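Take a look at the letters that make up each chain.
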Amino acid sequence: MQFMPKLMLKLPLLKKIVFAAFISCFSAKSQNAQTFQQLENLIDDAIFLTERYITPATDAAVYQAASNWIITPKKSELWNFMISVHLNNFLVPTADRTFDISNSDMKFFKIQNTNTATIQTALGSNQFETLVGQLDGNDVSLKTPEGIDRKTVIYPFIQTSLGLPFGTELIAKYSPKTALKNVTYQVYGLGIKYNLSQYFENLEAQNIYFSTLIGYSNEDISVNFLDVQTNFGNLGLNSLNSKIDTWQCQFNASKEFNKLEFSAGIILNSSNFKYKVDGEKGAIENLIPLQDIINNRLLEINKSKTNLIGEVAVRYKMGHVYLQTSLAFGKFLNSNFSILIYNFFQNW
């Protein structure tokens with residue numbers, strides 16, 4: 001009988017221990033859920049910044065790749081091989097160098113010491129803003145990504161063509177990887193030109209030529225992106241890659257005056273944009289597969305765009321060597337200067 005009072009005295013203590021254990025477990029789960037919610041918010045902000053930062057550069061890449069496919073609308077001689085070296089000059093519009101954000105645009109980050117800020121795109125300057133947030137009770141800070149810090153983008157590429165039967169011409173272009181500040185860019189492509197003026201002898205007798213082209217190009221852009229350090233380690237968002245598949249159709253016409261040829265064309269192209277984070281994975285991968293999660297989310301901003309581009313060019317003949325300059329215009333301006341050698345194997 002004396003045992004029961006002792007047990008009754010111990011029960012309140014037992015309840016307290018059980019209750020404390022329950023609260024501790026609940027708190028850990030709650031904290032864990034809160035951390036994952038913070039990570040989800042961080043990912044939302046990363047996707048938001050990605051689209052605003054990279055889009056001007058990928059749009060510009062399409063214009064750069066679209067230029068100067070048709071050197072001349074004239075019919076190529078059978079098995080004539082031409083090689084040309086091009087220097088492309090893209091003018092970066094002021095409106096595409098920056099974008100504005102406010103704290104209300106983001107779920108995880110806040111702009112340090114202010115509510116609004118102007119952020120650089122990949123085509124912008126080397127200025128940056130600091131964004132701050134909290135993850136698992138620890139401060140996280142991020143410098144917004146910088147741009148190429150140039151008003152013009154100059155890059156070289158090589159183009160070749162081979163005259164085929166029936167007035168067709170096989171065209172290929174390739175650029176070595178061009179490294180700018182925070183950005184690398186490369187393009188290659190293949191196209192078929194078909195001469196139409198061969199069916200209009202009266203026009204060719206007046207040195208008037210026209211042709212059409214169907215081409216494909218692949219543009220590859222990589223940028224230095226978000227260097228986010230947390231108490232879990234680096235998040236592995238340092239490098240962002242975009243691959244762009246572009247199909248192009250165009251019509252060009254020209255008029256030849258002795259050694260000079262003036263041409264004009266209209267270009268219609270359609271591009272598919274794909275994005276992925278592809279740098280070294282961060283220590284956060286020990287907790288969650290963050291790169292895979294973000295790359296899945298980046299599918300949300302994959303898109304297609306159609307461009308209508310005008311092009312004018314003038315070419316000067318010096319034997320089997322030609323000098324040519326062209327200008328593509330529409331949303332952007334892209335100029336091109338090239339040196340071309342016809343009958344390359346026969347004359348050089």
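Nothing here was measured: the structure is a model prediction, and the numbers come from that model.

Enquirer: I keep staring at the nonpolar core and nothing clicks. Help me out?
Expert: The nonpolar side chains of a soluble globular protein tend to be buried with one another. Membership of the largest hydrophobic core comes to 61 residues, with the highest contact counts inside it found for Phe 109, Leu 131, Val 223, Leu 290, Ile 294 and Leu 298. With 15 residues, helix H1 (residues 3-66) is the single largest residue contributor to this core. Beyond its immediate chain neighbours, meaning those up to four positions away, Leu 131 contacts Leu 49, Ile 101, Met 106, Phe 109, Lys 110, Ile 111, Val 140, Ser 141, Leu 142 and Thr 144. Core analysis: the second largest hydrophobic core is formed by 5 residues, Met 82, Tyr 322, Leu 340 and Tyr 342 among them.

Enquirer: How should unusual backbone geometry be read in this particular structure?
Expert: Glycine aside, negative phi is the norm for most residues, and most peptide bonds take the trans geometry. In this structure, Asp 136 takes a positive phi of about 55 degrees despite not being glycine. On the secondary structure map, Asp 136 appears in the loop between strand E5 (130-135) and strand E6 (138-143). The exposure class assigned to Asp 136 is partly exposed, which follows from its relative accessible area of 25%. The phi angle at Phe 166 is positive, at roughly 65 degrees, despite the residue not being glycine. Mapped onto the elements, Phe 166 comes out in the loop between strand E7 (152-164) and strand E8 (168-174).

Enquirer: Looking at this structure, how should I read the environment of Leu 226?
Expert: Residue placement: Leu 226 occurs in strand E11 (residues 208-226). A residue is classified by how much of its surface remains accessible, and Leu 226, at 3% relative accessible area, is buried. Measuring from C-alpha to C-alpha, the distance between Leu 226 and Ser 239 comes to 7.4 Å, with 13 residues separating the pair along the chain. Not counting chain neighbours up to four residues away, the residues in contact with Leu 226 comprise Ala 46, Leu 142, Pro 145, Leu 237 and Asn 238.

Enquirer: What's the story with the environment of Gly 147 in this structure? I'm lost.
Expert: Secondary-structure assignment places Gly 147 in the loop between E6 and E7. Considering only alpha carbons, one finds Gly 147 and Arg 97, 50 residues apart in sequence, at a separation of 7.9 Å.

Enquirer: Honestly, empty space enclosed by the protein in this entry has me stumped. Any pointers?
Expert: According to the stated counting rule, one finds 4 cavities of 30 Å³ or more in the structure shown. Forming the boundary of the largest cavity are 14 residues, of which Gln 64, Val 153, Leu 180, Val 183 and Tyr 185 lie nearest the centre. Contributions of two or more residues to the lining of the largest cavity are made by H1, E7, strand E9 (178-180) and strand E10 (183-195). Here the lining of the largest cavity takes 4 residues from H1, the largest share from any one element. Its residues assigned to classes, the lining of the largest cavity comprises 12 nonpolar, 2 polar and no charged.

Enquirer: I tried to follow the packing of aromatic side chains on my own but got confused; where do I start?
Expert: For any pair of aromatic rings, geometry is given as the distance between the ring centres together with the angle between the planes. On inspection of all chains with the given rule, the structure shows 11 aromatic pairs. Aromatic pair Tyr 53 and Phe 225: ring centres 5.8 Å apart, planes at 40 degrees, arrangement tilted. Here Tyr 53, found in helix H1, pairs with Phe 225, found in strand E11; they are 172 residues apart in sequence, far enough to count as distant. The structure contains a cluster of three or more aromatic residues connected by ring pairs, namely Tyr 63, Phe 90 and Phe 332. Stacked on the ring of Phe 273, the Lys or Arg Lys 303 has its end atom at 5.1 Å from the ring centre.

About the thresholds
- Residue positions are given per chain, counting from 1 as you read along its sequence in written order.
- Reporting in this predicted model follows two pLDDT cut-offs: at least 70 for local features of residues, and 80 or more for side-chain atom pairs to be given and counted; totals over whole chains, interfaces and linings ignore these cut-offs and use all residues.
- Side-chain measures were taken over the full set of non-hydrogen atoms in the model, leaving aside hydrogen atoms and water.
- Put simply, buried Ala, Val, Leu, Ile, Met, Phe, Trp, Tyr and Cys residues joined by side-chain atoms within 4.5 Å make one nonpolar core.
- For each residue, the accessible area found with a 1.4 Å probe, counting protein chains only, is set against the maximum for its type, and the residue is called buried under 20%, exposed over 50%, and partly exposed in between.
- To qualify as a helix, a DSSP run of H or I must reach at least 4 residues; to qualify as a strand, a run of E must reach at least 2; elements of each kind are numbered from the N terminus.
- The contact criterion used throughout is that any non-hydrogen atoms of two residues lie within 4.5 Å.
- Lining residues are defined by having an atom within 4 Å of a point belonging to a cavity or pocket. Those points lie on a 1 Å grid over the protein atoms alone, cavities being sets where a 1.4 Å probe fits but cannot get out and pockets being open sets with protein on both sides within 12 Å along at least five of seven lines.
- Grid points are joined across faces, edges and corners, and a volume is the space filled by probe spheres set on the points.
- Following the grouping adopted for this structure description, the nonpolar residues are Ala, Val, Leu, Ile, Met, Phe, Trp, Tyr, Cys and Pro, the charged ones are Asp, Glu, Lys and Arg, and the polar ones are all others, Gly among them.
- Stacked, edge-to-face and tilted labels apply to pairs of Phe, Tyr and Trp rings (six-membered ring for Trp) whose centres lie within 6.5 Å, assigned for plane angles under 30 degrees, over 60, and everything in between, in that order.
- Charge-over-ring contacts are defined here by two conditions on Lys NZ or Arg CZ: a distance within 6 Å of the ring centre and an angle within 35 degrees of the ring normal.

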